[in-house]
Amino acid sequence: MGRSATVAPLFMDLNIVRLIITPKPKSLEAIMPVLKGKGRLFEETLHKLYCCYPGAVCKKCDKSQVCPIPPLTGRQLSFDPEIVRRYQKPGLPYIFEKVSRSDRQPESFLLTLMGTASIHLTILLSVLDELAGVRESCRVVTLDYQNKESALDLSCEGESVNIPILSAKELLAIYSCQFNACKRVRIDIQSPLRIMHNGCELRRFESAQFIRSMLRRISSLFSYYGVFNSYDQFKNLVELAEDVKIVKITASEADGKITARGVTGSFELTGAFDELGSLLRLGCMFHLGKGASYGMGAYNITPIS
């Protein structure tokens, strides 16, 4: 008999900002590496633009309290020793994701910001400008709960004045309705997924490891950038992951432009997705595995029955 998770409210929340960024045609080629796992390029450019003392260690720098680099790319450890024990360093508070559009529309990508990262939005956009070599190289629109687009409005000081701040708690409530009584889903891996397990990179999709890793990433991001007090509930959900079964595999067509290692394809799974589904749906925003903040490990989940 399969395990059953205790149904209880999840005491967790996280502020999320979602943006669609459309580079000018001449800017796209220079920005594309950031969407294909080249995080070092983006972070080195950020340091070049904003580091006051190149070569200095951030945590020893007397400007670290006012510098944007540590909160964006410093992967700063929590002051709570229990969080450090559970998760070590956090993931980055932003995720780039390439968006497939029709041929008649310009290539765009999503930028998801978590916690206070939205405060530094203009800095992130300036890094894209630097990479593109063009000022105001991108058009930016915001997304609300219904994915309605609105042009980003910046004040004369460069501060955003109309960004919808989404609550992860509210998003989970919306997604839970989509997975009501759901026992079968399809997972589509949209960009190479690279998960490490016991020091080795997995070369095939393993449903239990995928779900465990995603739950761990979600709880870590919430702990570092939001509110999380649902350890017991997540333990039960991790147990449910062990009973998930793969019932169908569909190989994906290789993208000739992608040379990174990793797993892709579509996988139909059966299990307790009435309880797991909403969290995995939220996890689509965060990606998974190596290079998750820079376009890698993107996936989608669709309820089937």
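Relevant structure appears above.
Residues numbered from 1 in each chain as written. Predicted model: local features only at pLDDT ≥ 70, side-chain atom pairs only at ≥ 80, totals over all residues. Heavy atoms only, no water.

Q: I'd love a proper account of the overall build of the protein, names of residues and values included.
A: A count of helical and extended segments in the protein gives nine helices and 14 strands. Across the 305 residues in the protein, those meeting the buried criterion constitute 48%. At a minimum sequence separation of 6, the contacts of the protein that also span at least 24 residues come to 73%. For the protein, the accessible area works out to roughly 16,200 Å², and carbon and sulfur atoms hold 50% of it. (Helix = DSSP H or I, 4+ residues; strand = E, 2+ residues; numbered from the N terminus. Buried < 20%, exposed > 50% of the residue type's maximum accessible area, 1.4 Å probe, protein only. Contact = heavy atoms within 4.5 Å. Areas by Shrake-Rupley, 256 points an atom, 1.4 Å probe, with all protein chains shown as cover.)

Q: Let's hear about helix H9 (residues 273-283): which residues, and what values?
A: Three or four residues apart is the spacing at which side chains of an α-helix point the same way, because the helix has 3.6 residues per turn. For H9, the buried fraction is high: eight of the eleven residues fall into the buried class. Of the positions making up H9, those classed as buried are Phe-273, Leu-276, Gly-277, Ser-278, Leu-279, Leu-280, Leu-282 and Gly-283.

Q: Describe in detail the pairing of strand E2 (residues 15-23), supporting the description with residues and values.
A: A large share of E2 lies buried, amounting to eight of its nine residues. Relative to strand E7 (residues 166-167), E2 runs antiparallel, the two being bridged by two bridges. When the bridges of E7 are listed, Asn-15 appears paired with Ser-167. Judged from the six bridges that link them, E2 and strand E4 (residues 108-114) form a sheet pairing that is antiparallel. Looking at E4, one finds that Ile-21 is bridged to Phe-109. For E2 and strand E5 (residues 138-143), the ladder comprises five bridges, and the chain directions are antiparallel. Along E5, the bridge assignment pairs Leu-19 with Thr-142. (Pairing = 2+ DSSP bridges.)

Q: Help me get a handle on the packing of helix H7 (residues 207-225) against helix H8 (residues 231-241), residues and values and all.
A: With their axes 8 Å apart at the nearest point, H7 and H8 run at an angle of 165° to one another. What the angle tells us is that H7 and H8 run roughly antiparallel. The chirality of how H7 crosses H8 is right-handed. Facing H7, whose interface residues are Ala-208, Ile-211, Arg-212, Leu-215, Ile-218, Ser-219 and Ser-223, H8 presents Tyr-231, Phe-234, Leu-237, Val-238 and Ala-241. (Axes fitted to C-alpha atoms, helices over the stretch in contact; angles between N-to-C directions. Parallel < 35°, antiparallel > 145°, perpendicular 65-115°, else oblique. Left-handed = near helix turned anticlockwise from the far one by under 90°.)

Q: Tell me about the pattern of salt bridges, residues and numbers included.
A: Enumeration according to the criterion identifies 13 salt bridges in this entry. The salt bridge partner of Glu-136 is Arg-135, with a shortest N-O separation of 3.4 Å. In this structure Arg-135 comes out as exposed when scored by relative accessible area, which is 67%. With its nearest N and O atoms 2.4 Å apart, the salt bridge here joins Arg-212 to Glu-242. Taken together, the residues Arg-212 in helix H7 and Glu-242 in the loop between H8 and strand E12 (245-250) connect sequence positions 30 residues apart. Salt bridges linked by common partners bring Glu-82, Arg-85 and Arg-86 together as one network. (Salt bridge = Lys/Arg side-chain N within 4 Å of Asp/Glu carboxyl O.)

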